[in-house]
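Residue strings, one per chain:
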Amino acid sequence: VTGVYPNVELNLSRIYLELGSCRSATGDYLGAELDFSRAIEFNSSAALPYLLRGNCCFMRGDRGRAREMFERALTIDPSLNDARRGLVLCRTDE
């Protein structure tokens, strides 16, 4: 398939990523985590959903899970400075 929507899974991943971002912006961190998890299901090779899920975990106080998500994001994209900063916050806030 060619055109604007060549891959349904990547489009669904993007939709869940956007929905999770909206939920996170309203303070619904648990709902956002679920959406980011769905984004990961459709595209596990993207680092951003792991990073954003880590942010939500951090905001809910789950430092261990946040650390795990930041580490996964860095495994995929070692240049993610936000994930590095998240790891530092997880260590200093224990």
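Residues numbered from 1 in each chain as written. Predicted model: local features only at pLDDT ≥ 70, side-chain atom pairs only at ≥ 80, totals over all residues. Heavy atoms only, no water.

Caption draft 1: Seen up close, the overall build of the protein. On a plain count of helices and strands, the protein comes out with five helices and zero strands. Ordered by position from the N terminus, the helices and strands of the protein form the series α-α-α-α-α. Here the C-alpha radius of gyration of the protein, 14 Å, is about what a compact globule of 94 residues would show, namely 12 Å. Burial statistics for the protein: of 94 residues in total, 36% are counted as buried. Within the protein, contacts between residues separated by at least 24 positions form 40% of all contacts whose residues are at least 6 apart in sequence. Counting only carbon and sulfur atoms, one obtains 54% of the accessible surface of the protein, whose full area is about 5,600 Å². (Helix = DSSP H or I, 4+ residues; strand = E, 2+ residues; numbered from the N terminus. Rg over C-alpha atoms; globule rule 2.2 N^0.38 Å. Buried < 20%, exposed > 50% of the residue type's maximum accessible area, 1.4 Å probe, protein only. Contact = heavy atoms within 4.5 Å. Areas by Shrake-Rupley, 256 points an atom, 1.4 Å probe, with all protein chains shown as cover.)

Caption draft 2: Spatial organisation of the pattern of salt bridges. Applying the stated criterion across every chain yields a total of nine salt bridges. Here Glu68 and Arg65 are joined by a salt bridge, their closest N and O atoms 2.7 Å apart. With Glu68 and Arg65 both in helix 4 (residues 63-76), this residue pair falls three residues apart, about one helical turn. Overall, Arg65 belongs to the partly exposed group, its relative accessible area being 26%. Linking Arg72 and Glu68 is a salt bridge whose minimum nitrogen-to-oxygen distance equals 2.9 Å. (Salt bridge = Lys/Arg side-chain N within 4 Å of Asp/Glu carboxyl O.)

Caption draft 3: Just the environment of Asn55, in detail. In this fold, Asn55 is placed in helix 3 (residues 48-60). Accessibility expressed as a relative area gives 33% for Asn55, which makes it partly exposed. C-alpha separation for the pair Asn55 and Phe36, spaced 19 residues apart in sequence, amounts to 11 Å.

Caption draft 4: Spatial organisation of the environment of Ala83. With respect to the element layout, Ala83 can be found in helix 5 (residues 81-92). Separated by 36 residues in the primary sequence, Ala83 and Ala47 have C-alpha atoms spaced 9.5 Å apart. Residue contacts for Ala83: discarding those within four places in its chain leaves Leu51, Phe70, Ala73 and Leu74.

Caption draft 5: The packing of helix 4 against helix 5, seen in detail. Contact pair helix 4 / helix 5: the axes reach a minimum separation of 9 Å and the direction vectors enclose 155°. As the angle between them shows, helix 4 and helix 5 are arranged roughly antiparallel. In this structure, the crossing between helix 4 and helix 5 has a hand that is left-handed. Note on element contacts: helix 5 touches helix 4 through Ala83, Arg84, Gly86, Leu87 and Cys90, opposite Arg63, Ala66, Arg67, Phe70, Glu71, Ala73 and Leu74. (Axes fitted to C-alpha atoms, helices over the stretch in contact; angles between N-to-C directions. Parallel < 35°, antiparallel > 145°, perpendicular 65-115°, else oblique. Left-handed = near helix turned anticlockwise from the far one by under 90°.)

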